[in-house]
Amino acid sequence: MANVSVNISGAPYEVHVERGLLDRAGERVRALTAASRVAVVTDIRVAPLYLEPLRRSLSAAGLEPVDVTITAGEAHKTLATVEMIYDRLLDARIDRATPIVALGGGVVGDVAGFAAATILRGVPLVQVPTTLLAMVDASVGGKTGVNHLRGKNLIGAFHQPHAVLIDPNVLASLPAWQLSNGLAECIKHELIRDADGFARLEQGIERALSLDMNYLEELIAHNVAIKASVVEADPLERGERAHLNFGHTFAHAIESSMNYDIAHGRAVGLGIVAASYLSMRLGSVQQSEFERIRSLLARARLHTGGVQTPTEGLINAMRRDKKIQSGQLRFVLLDGIGRAVVRDDVPQDLVREALAMIR
Ligand code: GLY
């Protein structure tokens with residue numbers, strides 16, 4: 001059991017990592033609110049597994065749950081889904097004190113978070129992530145939003161949660177690829193901030209994959225602490241928060257070129273290989289470090305090659321990324337394992353080489 005404080009000025013909150021916490025979620029939400037009702041947003045995959053235990057726990061704490069179940073998947077991370085949530089919650093006459101609890105993976109967290117940021121000009125949000133990726137990344141830091149036809153996450157708001165409740169036990173029901181998906185973000189965190197953490201993950205990756213809960217609890221708390229330290233320093237992504245996008249310029253290009261028919265973590269794994277290769281070619285990562293990174297991704301059962309989209313298609317997709325400034329491709333790269341740097345002077349031929357590396 002571990003608590004991580006996220007000290008964002010004006011909006012501090014706690015992330016609780018605790019096995020069995022789902023059954024005690026009601027008392028934690030009760031402690032945060034004087035409201036008598038709670039809105040729960042979940043999706044059709046998570047609802048059959050965890051909605052009932054959460055409802056029971058809320059009711060036992062004297063909170064009346066009003067739930068909304070959305071269709072699962074990235075294709076439904078849209079304004080239409082958010083409107084459906086507005087309709088249901090406005091019909092139920094929620095008020096500004098009614099918290100929204102997001103029960104699910106990254107899509108649920110982003111959509112429910114955006115609804116919480118905007119309905120009645122903002123209501124409290126509690127994140128209850130059910131995938132490793134959402135636990136170590138999406139649920140912490142306040143990014144909420146939806147996709148637009150022009151690209152991913154183009155509509156959104158920063159809305160920090162009032163609390164994040166993580167029950168590692170729920171990972172036992174995840175398909176194996178979902179665990180690998182989350183490990184991609186864990187590897188990213190270690191690469192940008194913690195060389196010792198990277199070495200520990202090299203030792204422990206099999207324990208994570210075999211669902212050793214003691215190990216996972218530690219791994220989650222450690223990754224949440226890394227994410228917290230980055231977002232505390234730069235909550236609105238004016239500067240160093242961009243380090244969290246390590247591997248993501250490549251990953252977003254791969255995802256959009258495949259119409260999002262690839263898991264985010266898989267695309268991030270490929271993006272990490274490309275960005276690490278680029279770092280090596282620019283002299284800031286040694287070949288032995290690059291090989292360690294690629295090998296850890298493979299051991300996490302992530303792909304390190306096999307991208308089929310033509311290079312020009314990927315470069316065009318990268319140019320459309322919302323994080324591009326003044327038309328210049330900008331990359332988060334490594335300065336050795338454990339440190340990130342932002343570069344916007346990377347020669348195009350090296351970008352092409354990096355893309356060739358993940359074919
Ligand atoms: N997932 C990247 C961030 O929260 O900034």
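For the structure, see preceding data.
Residues numbered from 1 in each chain as written. Predicted model: local features only at pLDDT ≥ 70, side-chain atom pairs only at ≥ 80, totals over all residues. Heavy atoms only, no water.

**Student:** How do you make sense of the packing of helix 10 (residues 264-281) against helix 11 (residues 287-299) when you look at a structure like this?
**Tutor:** What describes two packed helices is the angle between their axes and the distance between those same axes. Here helix 10 crosses helix 11 at 175 degrees, and the two axes come no closer than 10 Å. Classified by the interaxial angle, the pair formed by helix 10 and helix 11 is roughly antiparallel. Residue-level inspection shows G269, I272, V273, S276, Y277 and M280 of helix 10 in contact with helix 11, the latter providing Q287, F290, I293, R294 and L297. Along the lines of polarity and charge, the residues of the contact of helix 10 with helix 11 split into seven nonpolar, three polar and one charged. (Axes fitted to C-alpha atoms, helices over the stretch in contact; angles between N-to-C directions. Helix = DSSP H or I, 4+ residues; strand = E, 2+ residues; numbered from the N terminus. Parallel < 35°, antiparallel > 145°, perpendicular 65-115°, else oblique. Contact = heavy atoms within 4.5 Å. Nonpolar A, V, L, I, M, F, W, Y, C, P; charged D, E, K, R; others polar.)

**Student:** When you look at the nonpolar core in this model, what are you seeing that I'm missing?
**Tutor:** Nonpolar side chains tend toward joint burial in soluble globular proteins. In terms of nonpolar packing, the biggest core is built from 99 residues, with V15 and F250 touching the most fellow members. Once residues lying within four places of it in the same chain are set aside, the contact partners of F250 are G271, A274, A275, L278, M318, F331, V351, A354 and L355. Listed in part, the 23 residues of the second largest apolar core include I70, I100, V107 and I119. (Core = buried A, V, L, I, M, F, W, Y, C linked by side-chain atoms within 4.5 Å. Buried < 20%, exposed > 50% of the residue type's maximum accessible area, 1.4 Å probe, protein only.)

**Student:** Teacher, can you tell me more about the pattern of salt bridges here?
**Tutor:** Pairs can form between side chains of opposite charge whenever their charged atoms are close. In the structure shown here, the tally under the stated rule is 22 salt bridges. Among the ionic pairs, E312 bridges to R352, the shortest N-O distance being 2.8 Å. Residue E312 is located in helix 12 (residues 311-319), and its partner R352 is located in helix 13 (residues 348-357); the two are separated by 40 residues in the primary sequence. For D344, the salt bridge identified is with R330, shortest N-O distance 3.5 Å. Here D344 is found in the loop between strand 11 (340-343) and helix 13, whereas its partner R330 is found in the loop between helix 12 and strand 10 (331-334), with 14 residues between them in sequence. By relative accessible area, D344 is classed as partly exposed at 36%. (Salt bridge = Lys/Arg side-chain N within 4 Å of Asp/Glu carboxyl O.)

**Student:** I'm lost on the environment of L125 in this one. Help?
**Tutor:** Relative to the assigned elements, L125 resides in strand 6 (residues 125-129). With 117 residues separating them in the primary sequence, L125 and I8 have C-alpha atoms 15 Å apart. Residues contacting L125, with those up to four places away along its chain left out, are I100, A102, A112, G113, A116, H159, P161, H162 and A163.

**Student:** Is there a simple way to explain the site of the ligand in this structure?
**Tutor:** With respect to spatial proximity, the complete set of residues near the ligand consists of D137, K143, K227, E237, R241 and L244. K143 is positioned with one of its side-chain polar atoms (N or O) 3.0 Å from an oxygen atom of the ligand. Contact between the ligand and K227: an oxygen atom at 2.5 Å from a side-chain N or O atom of the residue. Its free accessible area being 200 Å², the ligand has 88% of it covered by the protein chains. Classifying every residue of the shell around the ligand by side-chain character gives one nonpolar, no polar and five charged. (Near = heavy atom within 4 Å. Polar contact = N/O pair within 3.5 Å; in protein donor to acceptor, adjacent residues only side chain to side chain. Areas by Shrake-Rupley, 256 points an atom, 1.4 Å probe, with all protein chains shown as cover.)

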